[in-house]
Amino acid sequence: MNNALCIRRAEAADAQVIWAILKGEIEQMRQAGRDQWQKGYPNPDTVAADIEKRQGWVLLKDEQVVGYCALITSGDPCYDHIWDGEWLTDSNSTNCRYSVVHRIGINHQLTGQGLATAFLNLLLDESKRIGCESMRIDTNHDNAQMLHILPKIGFTHCGMVMVKDGERHAFEKVL
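Owing to the predicted nature of the structure, the values given are computational and were not obtained by experimental measurement.

Enquirer: How should helix 1 (residues 15-31) be read in this particular structure?
Expert: Each full turn of the α-helix corresponds to 3.6 residues, which orients residues three or four apart in the same direction. Its 17 residues give helix 1 an end-to-end C-alpha distance of 24 Å, which sits within 8% of 24 Å, the value for a rise of 1.5 Å per residue. Those residues of helix 1 lying buried are Ile18, Trp19, Ile21, Leu22, Gly24, Glu25, Ile26 and Met29. Looking at the buried side of helix 1, the elements it contacts are helix 2 (44-52), strand 2 (56-61), strand 3 (64-72) and strand 4 (98-106). Phi for Gly33, located one or two positions after helix 1, is positive at around 80°.

Set out below in structure tokens:
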């Protein structure tokens, strides 16, 4: 893998590239027969809001934007209610000490290069740097890639959560 990978906060000038990455992910999910991200979310307004709130992050490879996600450090109320398990830490959205990754996507022309794993590892480092005690993430039952990657890099399946568009597998990694 190329060593020229880094992350930074997304900027307004990145929005078009970010949306192209997310549209590619949406199309890949559609072609695979998955319903995740097929109901108008995420969209360009979501990306603009992430950037405005300074929670949008990009993965750079050789200084080119090749990945995107929202890294949220203010908690997620959807994560306050978990079933079929429990979180590894006792943090919740009112005493938040965790980061959350949402809307992660990689340029679909670059899949298979380990970029999603590298992106998540860089986000874990950033979360630790800013003082988070853990990172949480959720994914759909048929997102084979994320269900494979998350345990591989040390995330524990903690149970199930409900998000806007349905039930999701919930994972956490203590930093």
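Enquirer: Quick question: what am I supposed to make of the packing of helix 1 against helix 2 here?
Expert: Between two packed helices, both the angle of their axes relative to each other and the distance between the axes serve to describe the pair. At a closest axis distance of 10 Å, the pairing of helix 1 and helix 2 adopts a crossing angle of 130°. Considered as vectors, helix 1 and helix 2 are oriented oblique to each other. Seen along the crossing, helix 1 lies across helix 2 with a hand that is right-handed. Contact with helix 1, carried on its side by Ala15, Ile18, Trp19 and Leu22, involves Pro44, Val47 and Ile51 of helix 2 and no other residues of that element. Residues belonging to the contact of helix 1 with helix 2 are distributed by class as follows: seven nonpolar, no polar and no charged.

Enquirer: Help me out: how do you make sense of the packing of aromatic side chains in this one?
Expert: The geometry of an aromatic ring pair is captured by two quantities: the separation of the ring centres and the angle between the planes. For the structure shown, the criterion picks out two aromatic pairs. Members of the aromatic cluster, joined through ring pairs, are Tyr79, Trp87 and Tyr98. Against the face of Trp87 rests Arg136, its NZ or CZ located 4.1 Å from the ring centre. The aromatic ring of Tyr98 is capped on one face by Arg136, whose charged end is 4.1 Å from the ring centroid.

Enquirer: Would you explain the sheet that holds strand 1 (residues 5-9) in this entry?
Expert: The pairing of strands in a sheet comes from backbone hydrogen bonds and takes either a parallel or an antiparallel form. The mixed open sheet is built from seven strands, whose spatial order is 1-2-3-4-5-7-6. Edge strands, defined here as strands with exactly one partner in the open sheet, are strand 1 and strand 6 (156-163). Put simply, the sheet's adjacent strands are angled 30° from each other on average, direction ignored. In terms of strand pairing, strand 4 meets strand 5 (residues 134-139) through four bridges, oriented parallel. By the bridge assignment, Tyr98 is partnered in strand 5 with Ser134. Helix 2 rests against strand 2, strand 3 and strand 4 of the sheet, and its axis sits at about 75° to strand 3.

Definitions and cut-offs
Residues numbered from 1 in each chain as written. Predicted model: local features only at pLDDT ≥ 70, side-chain atom pairs only at ≥ 80, totals over all residues. Heavy atoms only, no water. Helix = DSSP H or I, 4+ residues; strand = E, 2+ residues; numbered from the N terminus. Expected span 1.5 Å × (residues − 1). Buried < 20%, exposed > 50% of the residue type's maximum accessible area, 1.4 Å probe, protein only. Contact = heavy atoms within 4.5 Å. Axes fitted to C-alpha atoms, helices over the stretch in contact; angles between N-to-C directions. Parallel < 35°, antiparallel > 145°, perpendicular 65-115°, else oblique. Left-handed = near helix turned anticlockwise from the far one by under 90°. Nonpolar A, V, L, I, M, F, W, Y, C, P; charged D, E, K, R; others polar. Phe/Tyr/Trp six-rings, centres within 6.5 Å; stacked < 30°, edge-to-face > 60°. Lys NZ or Arg CZ within 6 Å of the ring centre and 35° of its normal. Pairing = 2+ DSSP bridges.

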